[in-house]
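# Results of the structural survey
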Amino acid sequence: MPRPRRTRVIVAANQKGGVGKTTSTVNIAVGLVQLGQRVLVIDLDPQGNASTALNVDHLQGTPGTYELLVDGTPVEDLVVPAPDLPGLDVIPATIDLAGAEIELVRVEGREGRLKRALSQDQRVGETADDRWDYVLIDCPPSLGLLTINALVAGAEVMIPIQAEYYALEGLGQLLKTVDMVRAHLNRDLSVSTILITMYDARTRLAAGVADEVREHFGDQVLRTYIPRSVRVSEAPSYGQTVMTYDPGSPGALSYLEAAREIAQKGSGR
Ligand code: ADP
Ligand code: MG
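Structural notes, computed from the coordinates. (Residues numbered from 1 in each chain as written. Chains lettered and ligands numbered in written order. Predicted model: local features only at pLDDT ≥ 70, side-chain atom pairs only at ≥ 80, totals over all residues. Heavy atoms only, no water.)

### Observations regarding the packing of aromatic side chains
The test is simple: For this analysis, a ring pair means two rings from Phe, Tyr or Trp (six-membered ring only for Trp) whose centres lie within 6.5 Å, classed as stacked if their planes differ by under 30 degrees, edge-to-face if by over 60, and tilted for the remaining angles. Helix and strand definitions here come from DSSP, where helices need a minimum of 4 consecutive H or I residues and strands a minimum of 2 consecutive E residues; each element is numbered from the N-terminal end. Relative accessible area decides the class of each residue, using a 1.4 Å probe on protein chains only: under 20% of the type maximum gives buried, over 50% gives exposed, and in between gives partly exposed.
Considering all chains together, one arrives at three aromatic pairs under this definition. Ring centres of Tyr199 and Tyr225 lie 4.8 Å apart, and the angle between their planes is 50°; on these two criteria the pair is classed as tilted. One end of the pair, Tyr199, is in the loop between β7 (190-197) and α8 (204-217); the other, Tyr225, is in the loop between α8 and α9 (230-234), with 26 residues separating them in the sequence. Since its relative accessible area comes to 16%, Tyr199 is described here as buried. Judged by centre distance (5.0 Å) and plane angle (20°), the ring pair of Tyr238 and Tyr245 falls under stacked.

Written out as structure tokens, the structure reads:
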């Protein structure tokens, strides 16, 4: 898989909780690494679930995205390599990040803190040989300042959608936020990827939801659906992603395929 010409910054966003943002971020990140790419995962959720899944320390007080956003600590001082996953780096999130949303309100340029930090890093861009090919940002389930920072810093939005009742409810709000950010803060932003998760092929409901999503979003929807699978959900309790926990399982194979699609779709970037 060829590397993109410059770092692609992809934001996993959906203000709905439990739709698979974190699961998709970490598994696609590992999938991209398995395809030979260098990847940085930025955990922007105070819950720190992405940090947990990637087995990276995120006890309160561990330097991470809070320090980046609030103190302006440079990216290079915060990046930690994911254990046993060469090519994957992480900026963890601790519960401290829960306060950032409020503390940032008084800070000048509060929406652009993450963008600024990334643009100052050597490994983001097109020149450095050891640049990250992908920066994946895992957002919290809200459309507050943390998510806004991600949308300002990234060029691509990936929306995971759970193949369930009410899947499309609330999406209008998210798309409006993306439009607002594009109009005022980041002209480069677009929704590049819709990923259908927790797909249960045995139900008509899942197929119906997938069809409806495809009608709305067309080519933005990845061909690969992520199946509902216990292996996917149990991997984090072993400090792993399903990609290493059970690489031959349907969930892992689907995430690898999704990673491949994302890499191929963006090959012109
Ligand atoms: P979000 O980050 O959007 O809140 P998560 O990625 O944390 O969502 O997923 C919510 C829950 O669903 C988690 O417990 C996760 O393990 C589980 N889950 C996610 N994807 C799958 C899947 N494909 N199959 C089974 N469980 C899944
Ligand atoms: Mg999450």
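Let's pick the thread back up.
### Quick notes on the site of ligand 1
Which entries qualify depends on this criterion: We call a residue near a molecule or strand whenever a single non-hydrogen atom of that residue lies within 4 Å of it. Think of a polar contact as two N or O atoms within 3.5 Å of one another; within protein, one of them needs to be a possible hydrogen donor and the other a possible acceptor, and neighboring residues in sequence only count if both atoms come from side chains. Ten residues, namely Ala, Val, Leu, Ile, Met, Phe, Trp, Tyr, Cys and Pro, are considered nonpolar, four, namely Asp, Glu, Lys and Arg, are considered charged, and the remaining ones, Gly among them, are considered polar.
Around ligand 1, 14 residues are found, and the nearest of them are Gly18, Thr22, Thr23, Pro227 and Ser229. In the environment of ligand 1, an oxygen atom lies 2.7 Å from a nitrogen or oxygen atom belonging to the backbone of Gly18. In the model, an oxygen atom of ligand 1 is placed 2.9 Å from a nitrogen or oxygen of the Lys21 side chain. Breaking the shell around ligand 1 down by element, the ones donating at least two residues are α1 (21-34) and α9. Across the shell around ligand 1, the residue classes break down as five nonpolar, seven polar and two charged.

### What about the sheet that holds strand β2 (residues 39-43)?
To keep it simple, the criterion reads: Two strands make a pair as long as DSSP finds a minimum of two bridges between them. Only heavy atoms enter the contact rule, under which two residues are in contact if any of them lie within 4.5 Å. In this analysis an axis means a line fitted to C-alpha atoms, helices contributing only their contacting stretch, and an angle means the value between N-to-C directions, from 0 to 180 degrees.
The strand order β3-β4-β2-β5-β1-β6-β7 describes an open sheet built from seven strands, whose pairing is mixed. Pairing within the sheet leaves two strands with one partner each, and these edge strands are β3 (80-81) and β7. One ladder, built from two bridges, connects β3 with strand β4 (residues 88-91); its direction is antiparallel. Within the sheet, the bridge partner assigned to Pro81 lies in β4 and is Asp89. In the packing of α8 onto the sheet, the strands contacted are β6 (156-162) and β7, and the crossing angle to β7 comes to about 170°. Packed onto the sheet, helix α11 (residues 250-265) meets β1 (8-12), β5 (134-138), β6 and β7 and runs at close to 165° relative to β7.

### Overview of a nonpolar patch on the surface
Under the convention used in this document: Here, patches come from residues exposed beyond 30% relative accessible area and free of salt bridges, joined within 9 Å for like charges and within 5 Å for nonpolar side chains (Val, Leu, Ile, Met, Phe, Trp, Tyr). Using a 1.4 Å probe, the Shrake-Rupley method yields the accessible areas, and only the shown protein chains count as cover for residues. Each salt bridge in this description consists of a side-chain nitrogen of Lys or Arg and a carboxyl oxygen of Asp or Glu lying within 4 Å of one another.
A cluster of nonpolar side chains, namely Tyr165, Tyr166 and Leu205, defines an oily patch on the protein surface of about 370 Å² accessible area. The residue Tyr165 is located in the loop between β6 and α7 (171-184) in this model.

### Side note on the pattern of salt bridges
One pass over the full model with this rule turns up ten salt bridges. Across the salt bridge formed by Arg123 and Asp89, the nearest N and O atoms sit 3.5 Å from each other. Here Asp89 lies in strand β4 and Arg123 lies in the loop between α5 (113-119) and β5, a separation of 34 residues in the sequence. A relative accessible area of 22% places Arg123 in the partly exposed class. Here Arg231 and Glu234 are joined by a salt bridge, their closest N and O atoms 2.6 Å apart. Remark: Glu234 and Arg231 occur in helix α9; sequence separation between them is three residues, near one turn of the helix. Among the residues examined, Arg231 registers a relative accessible area of 33% and is labelled partly exposed. Bridged by salt links that share partners, the residues Asp89, Arg123 and Asp130 form one connected network.

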